Structures are given as C-alpha cells and as structure tokens.
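# Fold and contact review
Now for the letters of each chain:
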Amino acid sequence: MNQLEFTFERSDWEQMIDRIPAGGTLDAVRFLTVTESQDEQELEATLAQLDEKDVLLDISKLENFAGSADTAVRLRFEKQLVSEGRLPDGLEENDPLRLYLEEIAALPACGDPQLLAQRYLEGDESVVPQLTNRMLASVAEQAFSLAGRGVLLLDLLQEGGLGLWEAILSYQGGDFERHCSRCIQRTLHKTLVLHSREFGVGQRMRQMMEDYRAVDERLLGDLGRIPTVPEIAQELHLTVEATATVAEMVEIARRVNMAKQEPEPEEEEIAETQSVEDTAYFQMRQRIGDLLSTLDELDAKILSSRFGLESGLPLSAAETGKKLGLTPDEVTAREAAALQKLRNQ
C-alpha cells in the first residue's frame, strides 16, 4: 500500500465550522467577519463545508443593501405587494416577475411528492420534472418571506430554483419536502450573505470592533468602571442592538485569542517542546498508517477521503464515491465496516 501523507492543521474558520453541530446555525455577520479575507475559491470551499454539515446561515442581523436607488424603490414595492398579498396581480402585465409567477401557477398538478421521490430513488429519472414543478411553490413561498432584504424577488426565485435542483439531486431518503425546504432555505440565505459581502459587511464589522474596543477602553478610564452597552452605543452613534452585536463579536474574538495565548518559554524549552511535538506527530502518523495498512486498500482510501487524511479537507460520501467509482451507499457501508474493524483492533 502506498505511503499516505496526512494534514492535521486547520485554520481558524475551519475550527469554527468544526464546532458547529450538524444541522445547526451560524450567525451570518460572524461568518462574514471571519471569512472577510478569503478569496472566492476559499469562500466557495467554506460554503461547501457548511452545506455538507447542513448549517444554516442566520441572516437576522444582516443589514439590507439595495445597491441603487431604483433597486431600493423596487425592493420596497415588492415587500409591500407581498405583505398585502397582491402578487402577481399588483405588477404590470409585462413585468418579468409576474410572468414567472403566472408560469409557475399554470404548471400542471403533480402527484404526491414523497411517492415521486421514492420513484426517483428507485432510478426513475422521468419524475424529476414533476418533482421540480411540485416544489416550485415552496421556492416562491420562501422567496416571498425574504422580500425587501436587498435581493430582488426574481433573483431570489432563480437562486431558490437552483437550490431545489441541488436538493433533488442530493436526496437520499427521508422526508422529501423537508429536505427540499431546507436546501432552498440554505441557498436563499447564502444568496443574501454573498450580496452583503459585496458591500463589505465583514470589513465594516472588523472596523466597528476596533472602534468598540477603543471606546470601551476610553470610557473605562473616564468613568472608573466598565461602561454599559448603551453608553458605548451613544459614543459610536449606533443603536443599542447593533452595538450589542459588535460586543458579542468582540467577546468571541477575545475568547479565541485567550485560547491561543500561551506563556512564552525559553529558547531551550521551545526547542524541547518542538522536538516532543515532532516526535508525537510522527508517531501519530505512523500509527494511523499502520492501522490503515490492515484494511483493504479501497477501504483505506475511503477513510482517507472521508476524514481528510490526504488533503486536509474531508469529502462527503457522494464526493468520495465519485472519486473511487462507488455509490454513496457503498461508501457509507464500507466506511462503517472499516471503522468497526479498526475499533476491534
């Protein structure tokens, strides 16, 4: 069996993702702040990891950015129509949004989506158009709930449609409608977050955190006590709610820094510690290599891919299967059997 290379170091944002439970949520402002320095490729990889863990970005604290005056007027108009229940009738007859909504409404009725999804799992791909048509109403419903949040409804509907398509392709069993709803929601929230990123939300939050620290330190000296959030808000000319959000981010950053801080040892101690760490790291790699060598080569490759032992980035069952020519179910089954064999050792 070929010698495997292992990578164990993980960046701050990877460690942040690791701490989020599967199916959990992550504050969108915090996400934008942590990933502010990432390029497009790195950001795409981060978002893919969130999708893999079914993590939903919480957009409740995101500001609404219109982009232009015309867009702002349209956003307010769309939000008003949704609140009054006047879509699509409240739009001009040739409005693209109205035409799209009327097209959705005119789609033929389909059968039970759960039964159709079961046929799809059994290999009947002819039901995909029916599944898509059946769930487009869910896309519209979720898009309407985000009206006025910075992205036009037609764009939200298109992005939600892509999320629906991904949901159908990734379906592996269970409640089909719930699975689609979750995927659509993740996609729409991601769209709003990326829209906010274009307006430099992460960079602005970092600057606000610096301003908060400066004001907090100054008031501490002036008042002779720890200042309250309303007092800091007044100095920053922010609302109490916005200041509380910044305070939360500052506290998170403080905890991360405290966790990283260690007493600085003498040079000899540093060298000794490094030597011990290098030895332990080598022994750990050797032990893992020895364990994997007891497995079938294909099973060893599966574990290496699933736990990121080769590239440092864990792959999903579907990604691993595509890489090794297996189905996701085969990957999952072989992974479970291989892990049980290692436990027995």
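All chains use their own residue numbering, which begins from 1 and follows the written sequence. For a predicted model such as this one, the threshold for reporting local features is a pLDDT of at least 70, and the threshold for listing and counting side-chain atom pairs is 80 or more; totals across whole chains, interfaces and linings nevertheless cover every residue. Values shown for side chains rest on all heavy atoms present in the structure; no hydrogens or waters enter the calculation.

### Let's talk about the overall build of the protein
Which entries qualify depends on this criterion: Each helix is a run of DSSP H or I of at least 4 residues and each strand a run of E of at least 2, with the numbering of both proceeding from the N terminus. Using a 1.4 Å probe on the protein chains alone, a residue whose accessible area is under 20% of its type maximum counts as buried, one over 50% counts as exposed, and one in between counts as partly exposed. The Shrake-Rupley method, run with a 1.4 Å probe, gives the accessible areas here. Residue values count only the displayed protein chains as cover.
In terms of regular secondary structure, the protein is built from 16 helices and 2 strands. Across the 345 residues in the protein, those meeting the buried criterion constitute 37%. When the accessible surface of the protein is totalled, it reaches about 20,500 Å², and 50% of it is carbon and sulfur.

### Some thoughts on helix α7 (residues 128-144)
Stated precisely, the cut-off is as follows: An expected span of 1.5 Å times one less than the residue number is assigned to each helix. Any pair of residues with heavy atoms lying within 4.5 Å of one another is described as a contacting pair.
Helix length check: α7 (17 residues) gives 24 Å between terminal C-alpha atoms against 24 Å at 1.5 Å per residue, within 8%. Looking only at α7, the buried set comprises Val128, Leu131, Thr132, Met135, Leu136, Ser138, Val139, Ala140, Gln142 and Ala143. Looking at the buried side of α7, the elements it contacts are α5 (96-105), α6 (113-121), α8 (153-170) and α9 (176-198).

### Regarding the packing of aromatic side chains
Keep this limit in mind: What counts as a ring pair is set by centres within 6.5 Å for rings of Phe, Tyr and Trp (its six-membered ring), and what kind of pair is set by the plane angle: stacked under 30 degrees, edge-to-face over 60, tilted for all other angles.
On inspection of all chains with the given rule, the structure shows 2 aromatic pairs. A ring pair is formed by Phe65 and Phe199, whose centres lie 4.9 Å apart and whose planes are at 15°; its orientation type is stacked. Taken together, the residues Phe65 in the loop between β2 (56-58) and α4 (69-84) and Phe199 in the loop between α9 and α10 (201-223) connect sequence positions 134 residues apart. Here the aromatic rings of Tyr171 and Phe176 are separated by 5.1 Å at their centres, their planes lie at 85°, and the arrangement is edge-to-face. For the pair Tyr171 and Phe176, a shared accessibility class is recorded, and that class is buried.

### Points about the pattern of salt bridges
Pairing between side chains becomes possible if they bear opposite charge and their charged atoms approach one another. Formally: Between Lys or Arg on one side and Asp or Glu on the other, a salt bridge is scored when a side-chain nitrogen of the former is within 4 Å of a carboxyl oxygen of the latter.
In total, this model carries 17 salt bridges according to the counting rule given. Across the pair Arg218 and Asp222 runs a salt bridge, and its minimum N-O distance is 3.8 Å. Taken together, the residues Arg218 and Asp222, both in helix α10 and 4 residues apart, mark about one turn of the helix. Taking relative accessible area as the criterion, Arg218 reaches 39% and is therefore assigned partly exposed. Where Arg218 meets Glu235, a salt bridge forms, and the shortest distance between an N and an O atom there is 2.9 Å.

### Looking at the state of the cysteines
Our working rule: Disulfides are defined as cysteine sulfur pairs within 2.5 Å.
Applying the stated criterion across every chain yields a total of 0 disulfides. Of the cysteine sulfurs around Cys180, a residue in no disulfide, the closest is that of Cys183, at 6.6 Å. A residue is classified by how much of its surface remains accessible, and Cys180, at 0% relative accessible area, is buried.

### Some details on the environment of Ala300
Inspection of the secondary structure puts Ala300 in helix α14 (residues 297-306). C-alpha of Ala300 to C-alpha of Arg334: the two residues are 34 residues apart in sequence and 9.8 Å apart in space.

### A closer look at a negative patch on the surface
Formally: Each patch groups residues whose relative accessible area exceeds 30% and which form no salt bridge, using 9 Å between like charges and 5 Å between nonpolar side chains of Val, Leu, Ile, Met, Phe, Trp and Tyr. The sign given to each residue is positive for Lys and Arg and negative for Asp and Glu; His and the chain ends receive no count. Where a charge lies is defined by one atom per residue type: Lys uses NZ, Arg uses CZ, Asp uses CG and Glu uses CD.
A surface patch of like charges, here negative, comprises Asp39, Glu40, Glu42, Glu44 and Glu198. Among the structural elements, Glu198 can be located in helix α9.

### What to know about the packing of α10 against helix α11 (residues 229-236)
What counts is decided by this rule: Interaxial angles span 0 to 180 degrees and are taken between N-to-C directions of axes, which are lines fitted to C-alpha atoms, for helices over the stretch in contact. Left-handed describes a crossing whose near helix is turned anticlockwise from the far helix by less than a right angle; the clockwise case is right-handed. Nonpolar residues are Ala, Val, Leu, Ile, Met, Phe, Trp, Tyr, Cys and Pro. Charged residues are Asp, Glu, Lys and Arg, and all others, Gly as well, are polar.
Put simply, α10 and α11 touch, their axes get as near as 10 Å, and they point 115° apart. Once α10 is placed against α11, the crossing between them reads as right-handed. Residues Asp211, Tyr212, Val215, Asp216, Arg218, Leu219 and Leu223 of α10 pack against Glu231, Ile232, Glu235 and Leu236 of α11. Classifying every residue of the contact of α10 with α11 by side-chain character gives 6 nonpolar, no polar and 5 charged.

### As for the packing of α5 against α8
Using the following cut-off: If an angle is under 35 degrees, it is roughly parallel; if it is over 145, roughly antiparallel; if it lies from 65 to 115, roughly perpendicular; otherwise it is oblique.
Running from N to C, α5 and α8 point in directions that differ by 40°, and their axes come no closer than 9 Å. Classified by the interaxial angle, the pair formed by α5 and α8 is oblique. Crossing angle aside, the handedness with which α5 passes α8 is left-handed. Contact residues: Pro96, Leu97, Tyr100 and Leu101 in α5; Leu153, Leu154 and Leu157 in α8.

### Points about the side chain of Arg182
With respect to the helices and strands, Arg182 occurs in helix α9. Classification of Arg182 as buried rests on a relative accessible area of 18%. Discounting chain neighbours no more than four positions away, the residues touching Arg182 are Gly23, Gly24, Asp54, Val55 and Leu56.

### Observations concerning the side chain of Gln142
Within the secondary structure, Gln142 is located in helix α7. For Gln142, a relative accessible area of 14% translates into the label buried.

### Brief notes about unusual backbone geometry
Omega for the peptide link from Leu87 to Pro88 comes to 5°, which places this bond in the cis form. Its location among the elements puts Pro88 in the loop between α4 and α5. One non-glycine residue, Asp54, lies in the positive phi region at around 55°. With respect to the helices, strands and loops of the structure, Asp54 is situated in the loop between α3 (40-52) and β2.

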